[in-house]
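Residue strings, one per chain:
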Amino acid sequence: ILAATDGSLFRSSDNGNSWSPIHTGLFNADVRCFAKNESFMFAGTFGGGVFCSKDDGLTWTGVSAGLNNKYIRSLVAKGSLLFAGTDSGGVYHSSDNGKNWSHIKSGLSDQIISALWINDSFLFAGTLDSSAFRSSDNGVSWKSIRPGKTSNYKYVNFICGQDSAIFVGVKY
């Protein structure tokens, strides 16, 4: 288990009974999000970009080539695909476990990406202008799916789901 606090990263190997600080290779400990695929763990930091661990969080390596905005708010992984939601830079995409990144430039009304989630069919993005979007082509194009169209909420806090059920947490 990994847990990020303000300026520190901790790891537990006994289901949270004890915690040890870890920073090896993680020069920016302002971790905002995590993602995991079959082989790697990823940490998104606010100002330092994305870091990758091959040993369950004991050591970290920066993987931010092409990631022009290093203020990461959200990460999601599926296989070797990795998506990073940034603070005012939109969404970035990597198809090689974060080694190289490309910017997804179109279709989002707000470039502050507060939440990302992916299932078998769609990539979802939530923004700070209270919008939610869905993409069926890994972010090339987006469709607005703003939940609660009559609700007066401030921003999308998280998106998650199971199968075809999608849950969106918002801030009022």
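So, how was this worked out
Residues numbered from 1 in each chain as written. Predicted model: local features only at pLDDT ≥ 70, side-chain atom pairs only at ≥ 80, totals over all residues. Heavy atoms only, no water. Helix = DSSP H or I, 4+ residues; strand = E, 2+ residues; numbered from the N terminus. Buried < 20%, exposed > 50% of the residue type's maximum accessible area, 1.4 Å probe, protein only. Contact = heavy atoms within 4.5 Å. Pairing = 2+ DSSP bridges. Core = buried A, V, L, I, M, F, W, Y, C linked by side-chain atoms within 4.5 Å.

Trainee: For this particular structure, what's the right way to read the overall build of the protein chain?
Mentor: Helix and strand content of the protein chain: 0 helices and 17 strands. Residues counted as buried form 45% of the 172 residues belonging to the protein chain. Taking the intrachain contacts of the protein chain between residues at least 6 apart in sequence as the baseline, contacts between residues at least 24 apart amount to 36%.

Trainee: What exactly am I supposed to notice about the sheet that holds strand β4 (residues 31-36) here?
Mentor: In a beta sheet, neighbouring strands pair by backbone hydrogen bonds and run either parallel or antiparallel. Strand order in the open sheet formed by 4 strands is β4-β5-β6-β7, with antiparallel pairing between adjacent strands. On the outer flanks of this sheet lie β4 and β7 (61-62), each paired with one strand and no other. Bridge analysis of strand β6 (residues 49-53) against β7 gives 2 bridges, and the strand direction is antiparallel. Across the sheet, residue Phe51 finds its bridge partner in β7, namely Gly62.

Trainee: When you look at the nonpolar core in this model, what are you seeing that I'm missing?
Mentor: Formed by 15 residues in total, the largest nonpolar core has its most connected members in Phe42, Val50, Ile72, Leu75, Leu82 and Trp101. Counting only elements with at least two residues in this core, the list comes to β4, β6, β8 (72-78) and β9 (81-86). Per element, the largest residue contribution to this core is 3 residues, and it comes from β8. Those residues in contact with Ile72, other than ones at most four positions away along the chain, are Arg32, Cys33, Gly44, Thr45, Phe46, Gly49, Val50, Leu67, Ala84, Gly85 and Thr86. Core analysis: the second largest hydrophobic core is formed by 12 residues, Val76, Val91, Ile113 and Ala125 among them.

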